[in-house]
Amino acid sequence: DIQMTQSPSVLSASVGDRVTLNCKASQNINKYLNWYQQKLGEAPKLLIYNTNNLQTGIPSRFSGSGSGTDYTLTISSLQPEDVATYFCFQHNSWPTFGAGTKLELK
Amino acid sequence: EVQLVESGGGLVQPGGSLKLSCVASGFTFRDYWMNWVRQAPGKTMEWIGDIKPDGSNTNYAPSVKNRFTISRDNAKSILYLQMSNMRSDYTATYYCVRGTIAAGKPSFDYWGQGVMVTVSS
């Protein structure tokens, strides 16, 4: 199975900061990479699919990039409502997930 | 609005059985692959299986094959997960997840908020 490694595991940032979350695959996943946001007690929400496609209804401050084994989720200007855990998911082959990055306010 | 609401979780003894349900609304349930994903405490999410829109085909992760059965009732828009011969390492939050196709490959879009299952004596 493809292993997905997210970094950092915890990130503290201030409102208005540009925030970057990373996801590294153990082999090439051909951009079949999604990002999800999970707030405490809520259902995970799809933010980005296939590396850089913004899901309908998601604010444009969220963006994704990457290729091969390395992928990034960027929040251009952090908002208080963005406090959540973010996890990546690859569907190039047998589906696997990253462990998540917990995003906190500084 | 797409909604997936799981139910049926709780405490079960090792070796016991439990059946989870997921009521879907806000979309044409019979048109979509559906999945179950779980997350054990402190662990990464794990895909455990899926079912074809018409219910004619299912796939399972090796860790649950022959212990779990996924089924669906398209008339009622309900997805099921029958778990049997349960082990303590099946303790997890179980999520119902809608399948989609993204650039030609199966993917996941909408999730339920999950239901907790604890396997313990």
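An account of the accompanying structure is given in this report. (Residues numbered from 1 in each chain as written. Chains lettered and ligands numbered in written order. Predicted model: local features only at pLDDT ≥ 70, side-chain atom pairs only at ≥ 80, totals over all residues. Heavy atoms only, no water.)

**A look at the sheet that holds strand β8 (residues 78-83) of chain B**
Two orientations exist for strands paired in a sheet by backbone hydrogen bonds: parallel and antiparallel.
Residues and elements named next belong to chain B.
1) Next: Pairing is antiparallel across the open sheet formed by 4 strands, whose spatial order is β1-β3-β8-β7. In this open sheet, the two edge strands, each paired with only one partner strand, are β1 (3-7) and β7 (68-73). For this sheet, the mean angle separating the axes of adjacent strands, direction not counted, is 20°.
2) Next: In terms of strand pairing, β1 meets strand β3 (residues 18-25) through 5 bridges, oriented antiparallel. Bridge pairing in β3 places glutamine 3 opposite serine 25. (Pairing = 2+ DSSP bridges. Helix = DSSP H or I, 4+ residues; strand = E, 2+ residues; numbered from the N terminus. Axes fitted to C-alpha atoms, helices over the stretch in contact; angles between N-to-C directions.)

**Concerning the state of the cysteines**
1) Next: Following the criterion strictly, the structure yields 2 disulfides over all chains and no others.
2) Next: The disulfide bridge from A:Cys23 ends at A:Cys88, spanning 2.0 Å between sulfur atoms. Handedness of the A:Cys23-A:Cys88 disulfide follows from its S-S torsion of about 65°: it is right-handed. Pair noted here: A:Cys23 is in strand β3 (residues 19-25) and A:Cys88 is in strand β9 (residues 84-90), with a separation of 65 residues, a long-range link.
3) Next: A residue is classified by how much of its surface remains accessible, and A:Cys23, at 2% relative accessible area, is buried.
4) Next: In this model, B:Cys22 is linked to B:Cys96 through a disulfide, with the two sulfur atoms separated by 2.1 Å. Given an S-S torsion of about -65°, the disulfide between B:Cys22 and B:Cys96 has left-handed geometry. Residue B:Cys22 is found in strand β3, and its partner B:Cys96 is found in strand β9 (residues 92-102); the two are separated by 74 residues along the sequence.
5) Next: Classification of B:Cys22 as buried rests on a relative accessible area of 0%. (Disulfide = S-S within 2.5 Å. Buried < 20%, exposed > 50% of the residue type's maximum accessible area, 1.4 Å probe, protein only.)

In short, the description is geometric, and any link to function would need to be established separately.
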